[in-house]
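Okay, here's what each chain looks like letter by letter:
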Amino acid sequence: MVSKRTRFWILIGLVTISGFSQGMLLPLIAVILEQNGISSSVNGIHATGLYIGILLSSPFMEKPLRRFGYKAIILFGGALVFISLALFPFWQALWFWFMLRVAVGIGDQILHFGTQTWITASADQQNRGRSIAYYGLFFSVGFTLGPLMTNLLEFGMFVPFLLSSFLSFTVWLLLLRVRNEKPDTDQATAYGTNSVRRFGRSLRLAWAAFLPPLAYGFLEATLHGIFPVYGMRIGHDVNILSFIIPSFAAASLFSQIPLGILSDHIGRKKVILTVVTGGIGSFMLAAVFENSIPWLFASFALGGLFVGSLFSLGISYMTDLLPKELLPAGNILCGMSFSIGSILGPFLSGFALDLWPGLSFFYVIVSLLVVVLAAIAFNSPVSLEKNRAAPS
């Protein structure tokens, strides 16, 4: 069996390959459907399959985690992902691909919930922001590389799907060397055995912390699932778009760790407010200069530097606001928030493209970020000490 440090990096590897598969699926299928004449609204609705799977599976993962442990559920989730990816090329039907996207979403959420909860539960409080920043960093690494797989379509549709499946399987095998663990027993009893009660209390205490994952899911799904369609419609080449899209995640690689460390020192809320403000400015810039390839590169990269860390910052913020007994429920709610944002993103953006073809879809992103900024700015968290004193 491997050491705790090696286990951490194996979990990070699983997160990386998950980001790679998600980063590949969104633009790859969007381009294939657009080339086949599918409307942007249908394309956007189809893209929600991944996140519907995430949302549907989220409420049912806490009990299996407590019963079978971290390793078991991560193995199951990872297997569901690489098997589903391998099946895509064998039948090109909208409904079949939608079901496979749902299956990948379920697998990804199980995988993310297991790895995320394992990391947050075992991280030292003084280094928690940095540990979770590594989680976000390597997810972004995968997401950066994923969209480049659209360039492999010229070699055949089988290539990107099967390559992604093989890579997922290879990293999945490493987990077999990790010793299984289960959450502490007090996590199952301190707030009762009723999951609904734990979810409700987590929402009441840390609702503001779930907004950054929601916003990140909205951004991720919109930029990867709808921007390729929008970019092609305003005259940009699909191969150029496949390099513009990863610039968002690539830029976040440079800010994830510094922002995580900074949040450990000056507080999560201050950092989140700063990066959301920067994100608003970045996508306003994208809306104004959307016809310029260099400006799109610059605005996507600037946006990635700011809001590319929202998911990991939101998780860190959640761990600050909740007692340890509620961390499994809090991690599930982070995943559900991410999936809700991811469902809303392609749907609202695709709908906007059809309804207002002359309006830049970047304004949809800006509107969401303004709402998140205002909500977090006016939130006053309840003290964690008080939370622990009154679990009922």
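About the thresholds
Residues numbered from 1 in each chain as written. Predicted model: local features only at pLDDT ≥ 70, side-chain atom pairs only at ≥ 80, totals over all residues. Heavy atoms only, no water. Phe/Tyr/Trp six-rings, centres within 6.5 Å; stacked < 30°, edge-to-face > 60°. Buried < 20%, exposed > 50% of the residue type's maximum accessible area, 1.4 Å probe, protein only. Helix = DSSP H or I, 4+ residues; strand = E, 2+ residues; numbered from the N terminus. Contact = heavy atoms within 4.5 Å. 1 Å grid on protein atoms, 1.4 Å probe; cavity = no way out; pocket = protein on both sides within 12 Å on 5 of 7 lines; lining within 4 Å. Points joined across faces, edges and corners; volume = space filled by probe spheres on them. Nonpolar A, V, L, I, M, F, W, Y, C, P; charged D, E, K, R; others polar. Domains from an automatic or database assignment. Buried area = accessible area lost by both parts, 1.4 Å probe. Salt bridge = Lys/Arg side-chain N within 4 Å of Asp/Glu carboxyl O. Polar contact = N/O pair within 3.5 Å; in protein donor to acceptor, adjacent residues only side chain to side chain. Core = buried A, V, L, I, M, F, W, Y, C linked by side-chain atoms within 4.5 Å.

Peer 1: How do you make sense of the packing of aromatic side chains when you look at a structure like this?
Peer 2: Each aromatic ring pair is characterised by the separation of its centres together with the angle its planes make. Evaluation of the coordinates by the stated rule reveals 26 aromatic pairs. Taken together, a centroid distance of 5.2 Å and an interplanar angle of 80° make the contact between Phe8 and Trp9 edge-to-face. Phe8 gets classed as buried once you look at its relative accessible area, which sits at 17%. Trp9 gets classed as partly exposed once you look at its relative accessible area, which sits at 33%. Ring centres of Phe88 and Trp97 lie 5.8 Å apart, and the angle between their planes is 65°; on these two criteria the pair is classed as edge-to-face. Taking relative accessible area as the criterion, Phe88 reaches 0% and is therefore assigned buried. Here Trp97 falls in the buried class, since its relative accessible area comes to 3%. An aromatic cluster is present here, built from Phe227, Tyr230, Phe248, Phe283, Phe300 and Phe362 joined pairwise through their rings.

Peer 1: Got a minute to help me understand the side chain of Arg7 in this structure?
Peer 2: You can see Arg7 is positioned in helix 1 (residues 4-35). Classification of Arg7 as buried rests on a relative accessible area of 8%. Sequence-distant contacts of Arg7, defined by excluding residues within four places in its chain, comprise Val2, Trp118, Ser122, Val178 and Glu181.

Peer 1: Would you mind going over the layout of surface pockets with me for this structure?
Peer 2: Empty space among the atoms can be located by rolling a probe the size of a water molecule over them. The calculated volume of the largest pocket comes to roughly 360 Å³. The wall of the largest pocket is formed by 15 residues, among which Lys4, Arg5, Phe8, Ala123 and Ser131 lie closest to the centre. Among the secondary structure elements, those contributing two or more residues to the lining of the largest pocket are helix 1, helix 6 (94-122) and helix 7 (128-145). Here the lining of the largest pocket takes 6 residues from helix 1, the largest share from any one element. Each residue belonging to the lining of the largest pocket can be placed in one class, and the counts come to 7 nonpolar, 3 polar and 5 charged.

Peer 1: Where do I start with the domain arrangement of the protein chain in this structure?
Peer 2: It is common to give the size of an interface as the accessible area that goes away when the parts come together. For the protein chain, the assigned domains are domain 1 (1-180) and domain 2 (195-380). Computed over C-alpha atoms, the centres of domain 1 and domain 2 are 18 Å apart. Each partner contributes residues to the interface: domain 1 has 51 residues there, and domain 2 has 55 residues. Together domain 1 and domain 2 conceal approximately 4,300 Å² of surface at their shared face, both sides included; 68% is due to carbon and sulfur atoms. Across the domain 1-domain 2 interface, the total number found is 0 salt bridges. For the pair domain 1 and domain 2, the interface holds 0 residue pairs in polar contact (both at pLDDT 80 or more). Considering every element that reaches the side of domain 1 that touches domain 2, the biggest residue donor is helix 7, with 14 residues.

Peer 1: Mind showing me how you'd approach the pattern of salt bridges here?
Peer 2: Note on pairing: side chains with opposite charge can pair once their charged atoms come close. Evaluation of the coordinates by the stated rule reveals 3 salt bridges. We note a salt bridge from Arg268 to Asp264, for which the minimum N-O separation is 2.7 Å. Residue classification places Arg268 among the buried residues on the basis of a relative accessible area of 6%. Relative accessible area serves as the criterion here: at 25%, Asp264 is assigned to the partly exposed category. The residue Asp320 makes a salt bridge to Arg268 at a minimum N-O spacing of 2.7 Å. With a gap of 52 residues between them, Asp320 in helix 16 (residues 310-321) and Arg268 in helix 14 (residues 268-288) connect regions that are remote in the sequence. Asp320 sits in the partly exposed class, given a relative accessible area of 28%. Three or more residues are tied together by salt bridges with common partners; here these are Asp264, Arg268 and Asp320.

Peer 1: Just checking my understanding: could you explain the nonpolar core for this structure?
Peer 2: Generally speaking, nonpolar side chains in soluble globular proteins are found buried as a group. Among the nonpolar cores identified, the biggest contains 114 residues, and Phe88, Phe161, Phe227, Phe283, Phe361, Phe362 and Ile365 are the most heavily contacted of them. Broken down by element, the residue count for this core peaks at 15 residues, all from helix 1. Two domains each provide a minimum of three residues to this core, namely domain 1 (1-180) and domain 2 (195-380). Leaving out residues up to four positions away in the same chain, Phe227 has contacts with Thr222, Leu241, Ile244, Ile245, Leu296, Phe300, Phe361 and Phe362.

Peer 1: Please clarify how the environment of Phe338 should be interpreted in this entry.
Peer 2: Among the secondary structure elements, Phe338 is positioned in helix 17 (residues 327-355). When its relative accessible area of 7% is taken as the criterion, Phe338 is described as buried. The sequence separation of Phe338 and Phe248 amounts to 90 residues, and the corresponding C-alpha distance is 17 Å. Once residues within four sequence positions are removed from consideration, Phe338 is found in contact with Gln22, Tyr51, Ile54, Pro213, Leu214, Tyr216, Gly217, Glu220 and Phe311.

Peer 1: Is there a simple way to think about empty space enclosed by the protein in this case?
Peer 2: According to the stated counting rule, one finds 4 cavities of 30 Å³ or more in the structure shown. Approximately 140 Å³ is the volume found for the largest cavity. In terms of lining residues, the largest cavity is bounded by 13 residues, among which His112, Gln116, Tyr135, Phe311 and Phe338 are the most central. Residue assignment for the lining of the largest cavity shows that the elements contributing at least two residues are helix 6, helix 7 and helix 17. Counting residues per element, the lining of the largest cavity draws most heavily on helix 6, which supplies 4 residues. When grouped by side-chain class, the residues that make up the lining of the largest cavity number 7 nonpolar, 6 polar and no charged. Three or more residues apiece are contributed to the lining of the largest cavity by two domains, here domain 1 (1-180) and domain 2 (195-380). The calculated volume of the second largest cavity comes to roughly 50 Å³. Taken together, Leu14, Ile17, Ser18, Ser21, Gly78, Val81, Leu111, Ser168 and Trp172 make up the full set of residues lining the second largest cavity. Of all the elements in the fold, those that place two or more residues in the lining of the second largest cavity are helix 1, helix 5 (70-87) and helix 8 (158-174).

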